[in-house]
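# Architecture at a glance
If you want the building blocks of each chain, they are given just below.
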2 protein chains.
Amino acid sequence: MTIQVFGHKSPDTDSTGSPLIWAWYLNEVRGEDARAVLLGEPNTEAAFMLDRWGFDKPEIIGDVDEGAPVAIVDTNNPAELPASINKADIRSIIDHHKLVGGIETKGPIQIRVEPLACTATILYKMIGKDMARAPKSIKGAMLTCILSDTLAFRSPTTTQEDKAIAHALAEELGVDVEGYAEEMFAAKSDVSAFSDAELLRMDSKEYEVDGTKLRVSVLETTAPDQILSRKDDLKSSMVDVAKEDGADEVLLFVIDILKEEATLLVPNDRVKGIAEASFDTQVSGDTVVLPGVMSRKKQIMPVLKAG
Amino acid sequence: MTIQVFGHKSPDTDSTGSPLIWAWYLNEVRGEDARAVLLGEPNTEAAFMLDRWGFDKPEIIGDVDEGAPVAIVDTNNPAELPASINKADIRSIIDHHKLVGGIETKGPIQIRVEPLACTATILYKMIGKDMARAPKSIKGAMLTCILSDTLAFRSPTTTQEDKAIAHALAEELGVDVEGYAEEMFAAKSDVSAFSDAELLRMDSKEYEVDGTKLRVSVLETTAPDQILSRKDDLKSSMVDVAKEDGADEVLLFVIDILKEEATLLVPNDRVKGIAEASFDTQVSGDTVVLPGVMSRKKQIMPVLKAG
């Protein structure tokens, strides 16, 4: 049976590229039968990567069958995976997020989690010498994933390993890192096709802090005005999204990749309280700028307080 | 702060040796400050290993402090770890068991699980070229762990990697594998110092099957008669152990390493039902021999039915 390789729901670049990379490795190096699939429509940057490196868009699947062999990359969180994930035959988990618990396996499997910025960096290390057999498309996907997750090395999640591997790949591919990252971020920043609710759910994690359920959304962009010009609509959409998703509040951080700052939308007093308690700031009006804040994992999640 | 490295409660050879190996690596190669500790008295084979390779017995600890840095080897099961484990600062988990869930980390950490017979095999692979710096004692501990977990390659959990690494270590150390394994198993088989209840809990895992709570205990030995001659006392001790530990039944499998078979004690009709439903056998009397059964992980857990 074919091993289905996938990342998390609402696939970003790493959750689109890493399944393609790992499926290539399983097929071509390990001689297994594997294929990359997606758990939703890839975001605009991921779609750019597919196009740029000549990949067909992988099939989008809903659930997994009982006993179906699967390989998970870029998450270990059952909430971000198909509903029947614990009934599947999970062969491996490769990830760079904190362990949240909830996945159980019937036997010992291959699990590899490392505190690196990007799953593709871990895959590069695991593939090792066999990278010599990788086609340009696989190397290109790896480079794109690393530049995406590190925001071209601007994010504080970036490690020396992510950086060194990205530079090695770029040199081999003859790609200019800064110029290529600019193209990627332009693709990511073009969010005109998305509804307000889609934007709020595009790169979003659920998080409970002091009993308050938060949907913590980020939008990384080089064109923050394109999003902030829609802030009144976004604020009113937050009410519906929170209700539909069973959250108390939606926090939307618009991350300006070039200025290296985040703008948090402040639709009401509760979010104002959260912002002031968490970020040592004073809020007046319906937005607040948080200088230097680039990473949900490193700079938002660890400091969030209910207010 | 010193990183405490430990395996599971009721430490066997792998849970005694692997903390010593990983603490050596963290100290000597990575330049961190680490020390091996134990979560209980090591078994007789583990004690033999400490003596044979010149280790002092590591300190036995009870709980861990909030925020204390720890590295976990040979388990990912909170039930086998200190009560406050999720309040500690877990730096890494290296294991070869199925994922049971229940450990949560605050950030991404290093996790490595592989379907190999022994944690020490994974450590050998992770240490890689730096094995050249390892003293004899560390190599000796690794060899002992692998021979213990594979029952000198007799267990069906044994992989080619476990075998190849053990042979490489034995050659470097000038150790005759079969002769050395015999010494180890003789040490493990000398259980005269243990009470019946201690024997029942020595190498034991809790397991729920179809709503029945089982304490599944194995005793690997080259002298099964030493244990089976105590079977009446063991059967009556099972009643108390089950009650104290909140289990419905205790299943004791006496594994004859040389004959490659297990003898299951059958103290009552419920265990008889479990044995007949699980192992395709007929039970008459208070024991049943299960030819070829050597591994709880591979041959007992996956087939257990409540009867």
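Residues numbered from 1 in each chain as written. Chains lettered and ligands numbered in written order. Predicted model: local features only at pLDDT ≥ 70, side-chain atom pairs only at ≥ 80, totals over all residues. Heavy atoms only, no water.

### Considerations on the overall build of chain A
A count of helical and extended segments in chain A gives eleven helices and ten strands. Its C-alpha radius of gyration of 19 Å places chain A within 12% of the 19 Å reference for a compact globule of 307 residues. Dimensions of chain A, computed from C-alpha atoms along their principal axes, come out at roughly 60 × 45 × 35 Å. Within chain A, buried positions represent 58% of all 307 residues. (Helix = DSSP H or I, 4+ residues; strand = E, 2+ residues; numbered from the N terminus. Rg over C-alpha atoms; globule rule 2.2 N^0.38 Å. Buried < 20%, exposed > 50% of the residue type's maximum accessible area, 1.4 Å probe, protein only.)

### Concerning the pattern of salt bridges
Residues and elements named next belong to chain A. Per the counting criterion, the structure on display carries 50 salt bridges over all chains. With its nearest N and O atoms 4.0 Å apart, the salt bridge here joins Asp130 to Arg133. On the basis of relative accessibility, which here comes to 25%, the residue Asp130 falls in the partly exposed class. The salt bridge involving Arg296 is made with Asp203; its shortest N-O contact spans 2.6 Å. In this pair, Arg296 sits in helix H11 (residues 296-300) while Asp203 sits in the loop between helix H7 (196-202) and strand S6 (204-209), placing the two residues 93 residues apart along the sequence. Judged by its relative accessible area of 11%, Arg296 falls in the buried class. (Salt bridge = Lys/Arg side-chain N within 4 Å of Asp/Glu carboxyl O.)

### Brief notes about the interface of chain B and chain A
Contacts between the two partners involve 22 residues from chain B and, on the opposite side, 22 residues from chain A. Both sides of the chain B and chain A interface together cover about 1,700 Å² of buried area, and 62% of this is carbon and sulfur. Taken as a group, Leu99, Pro108 and Ile111 of chain B account for 37% of the area that chain B buries against chain A, more than any other trio of residues on that side. Between chain B and chain A we count zero salt bridges in total. Taken together, the connections running from chain B to chain A amount to four residue pairs in polar contact (both at pLDDT 80 or more). Across the side of chain B that touches chain A, the residue classes tally to nine nonpolar, seven polar and six charged. Sheet analysis places strand S5 (residues 110-113) of chain A next to strand S5 (residues 110-113) of chain B, joined by three bridges and oriented antiparallel. When the sheet's bridge partners are listed, Val113 of chain A is paired in S5 of chain B with Ile111 of chain B. (Contact = heavy atoms within 4.5 Å. Buried area = accessible area lost by both parts, 1.4 Å probe. Polar contact = N/O pair within 3.5 Å; in protein donor to acceptor, adjacent residues only side chain to side chain. Nonpolar A, V, L, I, M, F, W, Y, C, P; charged D, E, K, R; others polar. Pairing = 2+ DSSP bridges.)

### Here's the deal with the packing of aromatic side chains
Throughout the structure, instances matching the rule amount to eight aromatic pairs over all chains. An angle of 75° between the planes, with centres 6.2 Å apart, marks the rings of Trp53 of chain A and Tyr180 of chain A as edge-to-face. You can see Trp53 of chain A sitting in the loop between helix H2 (44-52) and strand S3 (69-73) and its partner Tyr180 of chain A sitting in helix H6 (residues 177-189), a full 127 residues away along the chain. Neither Trp53 of chain A nor Tyr180 of chain A differs from the other in exposure class; each is buried. With a centroid separation of 5.9 Å and an interplanar angle of 70°, the aromatic rings of Phe253 of chain B and Phe279 of chain B are classed as edge-to-face. (Phe/Tyr/Trp six-rings, centres within 6.5 Å; stacked < 30°, edge-to-face > 60°.)

### Describing the relation of the copies chain B and chain A
Superposition of chain B onto chain A requires a rotation of 180° combined with a translation of 0.0 Å along the rotation axis, giving an RMSD of 0.0 Å. The two molecules are tied by a two-fold rotation axis, judged by turn and shift. The residues that chain B uses at the interface reappear at the interface of chain A in 100% of cases, marking a shared surface. (Least-squares fit on C-alpha atoms with pLDDT ≥ 70 in both.)

### Description of the domain arrangement of chain A
Residues and elements named next belong to chain A. Under the domain assignment, chain A is made up of domain 1 (3-186) and domain 2 (196-303). Averaged C-alpha coordinates put domain 1 and domain 2 at centres separated by 26 Å. Contact residues are listed per partner, giving 14 residues for domain 1 and 14 residues for domain 2. Across the domain 1/domain 2 interface, buried area totals approximately 1,200 Å², and carbon plus sulfur atoms make up 60% of it. Considering only the side of domain 1, the residues that lose the most area to domain 2 are Leu151, Arg154 and Pro156, jointly responsible for 42% of the buried surface there. (Domains from an automatic or database assignment.)

### Digging into unusual backbone geometry
Positive phi is not limited to glycine here, since Leu151 of chain A has a value of about 50°. Along the chain, Leu151 of chain A turns up in the loop between helix H4 (136-149) and helix H5 (160-173). Assessed through its relative accessible area of 0%, Leu151 of chain A is described here as buried. The phi dihedral of Glu260 of chain B falls on the positive side, at around 55°, and the residue is not glycine. Using a relative accessible area of 33% as the deciding quantity, one classes Glu260 of chain B as partly exposed.

### Considerations on the sheet that holds strand S6 (residues 204-209) of chain B
Residues and elements named next belong to chain B. The strand order across the open sheet formed by five strands is S6-S7-S8-S9-S10, and the pairing between neighbours is mixed. The two strands at the open ends of the sheet, each matched to only one other strand, are S6 and strand S10 (287-291). For this sheet, the mean inter-axis angle between neighbouring strands, taken without regard to orientation, is 25°. Pairing of strand S8 (residues 249-256) with strand S9 (residues 261-265), which is carried by four bridges, proceeds in the antiparallel orientation. Counted as the bridge partner of Ile255 is Ala262 from S9. Helix H9 (residues 231-245) contacts strand S7 (212-221), S8, S9 and S10 of the sheet and is inclined by roughly 135° relative to S8. (Axes fitted to C-alpha atoms, helices over the stretch in contact; angles between N-to-C directions.)

### Regarding the packing of helix H1 (residues 13-28) of chain A against H2 of chain A
All names here are of chain A. Two elements in contact, H1 and H2, have axes separated by 8 Å at closest approach and are oriented at 35°. In this structure, H1 contributes Thr13, Thr16, Gly17 and Leu20 to the contact, and H2 contributes Glu45, Ala46, Met49 and Leu50. Considered class by class, the residues forming the contact of H1 with H2 number four nonpolar, three polar and one charged.

### A closer look at helix H3 (residues 119-127) of chain B
All names here are of chain B. Buried residues dominate H3, accounting for seven of its nine residues. Every buried residue of H3 is listed here: Thr119, Ala120, Thr121, Ile122, Leu123, Met126 and Ile127. Taken together, the buried residues of H3 touch helix H1 (13-28), strand S3 (69-73), strand S4 (89-95), S5, helix H4 (136-149) and helix H5 (160-173).

### Topic: empty space enclosed by the protein
Gaps between atoms show up when a probe of the same size as a water molecule is rolled over them. Within the structure shown, the criterion is met by one cavity of 30 Å³ or more. Roughly 100 Å³ of internal volume is contained in the largest cavity. Along its surface, the largest cavity is lined by 13 residues, and Asn76, Leu99, Gly101 and Ile103 of chain A together with Leu99 of chain B are the ones closest to its centre. Here the lining of the largest cavity is composed, by residue class, of seven nonpolar, six polar and no charged. (1 Å grid on protein atoms, 1.4 Å probe; cavity = no way out; pocket = protein on both sides within 12 Å on 5 of 7 lines; lining within 4 Å. Points joined across faces, edges and corners; volume = space filled by probe spheres on them.)

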